[in-house]
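Here's the letter readout for the chains.
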Amino acid sequence: MSFLQVQNIHHTYFTKASATTALSDISLTVEEGEFVSLLGPSGCGKTTLLSIISSLLKPTEGTVLLENKPVTTAKNQIGYMLQQDYLFPWKTIEENILIGLKLSRQLTPKTKAATLNLLNQIGLSEVEKQLPRQLSGGMRQRVALVRTLATEPKLLMLDEPFSALDYQTKLKLEDLVSKILTDFGKTAILVTHDIGEAIAMSDRVFLLSPSPGRIYKTFTMPEELRKASPFEARNHELFQSIFQTIWKELESLESEKE
Ligand SMILES: Nc1ncnc2c1ncn2[C@@H]1O[C@H](COP(=O)(O)OP(=O)(O)OP(=O)(O)O)[C@@H](O)[C@H]1O
Ligand SMILES: [Mg+2]
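Small disclaimer: the values here were computed from a predicted structure and weren't measured. (Residues numbered from 1 in each chain as written. Chains lettered and ligands numbered in written order. Predicted model: local features only at pLDDT ≥ 70, side-chain atom pairs only at ≥ 80, totals over all residues. Heavy atoms only, no water.)

### Points about the environment of Ser-163
With respect to the helices, strands and loops of the structure, Ser-163 is situated in the loop between strand E7 (155-159) and helix H5 (167-183). Sequence separation of Ser-163 and Arg-204 is 41 residues, and the distance between their C-alpha atoms is 20 Å. Within the local environment of Ser-163, its side chain forms a polar contact with the backbone oxygen of Glu-160, the two atoms lying 3.2 Å apart. (Helix = DSSP H or I, 4+ residues; strand = E, 2+ residues; numbered from the N terminus. Polar contact = N/O pair within 3.5 Å; in protein donor to acceptor, adjacent residues only side chain to side chain.)

### Observations concerning the site of ligand 1
The environment of ligand 1 is formed by Tyr-13, Thr-20, Ala-22, Ser-42, Gly-43, Cys-44, Gly-45, Lys-46, Thr-47, Thr-48 and His-193. Note that an oxygen atom of ligand 1 is positioned 2.6 Å from one of the side-chain N or O atoms of Ser-42. In the model, an oxygen atom of ligand 1 is placed 3.2 Å from a nitrogen or oxygen of the Cys-44 main chain. Within the complex, 61% of the 630 Å² of free accessible area of ligand 1 lies under protein. Here the shell around ligand 1 takes three residues from helix H1 (residues 46-53), the largest share from any one element. Partitioned by chemical class, the residues of the shell around ligand 1 number three nonpolar, seven polar and one charged. (Near = heavy atom within 4 Å. Areas by Shrake-Rupley, 256 points an atom, 1.4 Å probe, with all protein chains shown as cover. Nonpolar A, V, L, I, M, F, W, Y, C, P; charged D, E, K, R; others polar.)

### Some points on the sheet that holds strand E2 (residues 19-30)
Pairing is antiparallel in the open sheet, where four strands are placed in the order E2-E1-E4-E5. Of all strands in the sheet, those bounded by a partner on one side alone are E2 and strand E5 (69-70). For strand E1 (residues 4-14) and E2, the ladder comprises eight bridges, and the chain directions are antiparallel. For Tyr-13, the partnering residue across the bridge sits in E2 and is Thr-20. (Pairing = 2+ DSSP bridges.)

As structure tokens, this is what we get:
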């Protein structure tokens, strides 16, 4: 049995004046420890699918199972990292990274020490007592990652977590996030517009087509790229041809729209 099973998802948003079918017949599975990406044009339903998988949104049809149980019963096993870090501006970095543990009543000397250790590992031990506004965007996203990992979620949802960062910071964070998730054996789903990022970070890439969103193609990355760090993968000789293939598929989707 797969770790995550997404079965026959359809979703229609209803408003008073209209109905928008955002997703149609989405089925996919993700194995434990796997890193997959959802790639596709704006409005194709990536965020909708992520919200459904994490049970923030109930689909019109279909089911999501995490370890064979409905995901609605496993909400606290899912962690998020979003485009904006949503750190509490009036709380220190230490208070921010411990908040999930506190709210879920898991804050003990042991979990606190493990979380502070992770902050140290990620190169931010000296900022514990500072406020988020004293940190750069890249540092804040690293804090957000520590906060997400603190409660030890089984599944991580990353909705464009690097898109607000400058290119160099983004490349560094891709490597750091990838290494930490591998070290901890975490399963993750990344939403991105960035083909290169999807190739460099993922084991598999799901390309979605729009209106309504469907899984148009699935690309499995070659072993050489999966083993490599994202930065090495971007410089690997296989990278360009995969980039071209996915680029062409995306272009054909865009031209269908016109
Ligand atoms: N709350 C809502 N009510 C009505 N329609 C919605 C709602 N949220 C999203 N939609 C519609 O559903 C479709 C998919 O939206 P979604 O936000 O999932 O796309 P996306 O792939 O994440 O886009 P982007 O890349 O721009 O973030 C779009 O047509 C959007 O207009
Ligand atoms: Mg989105």
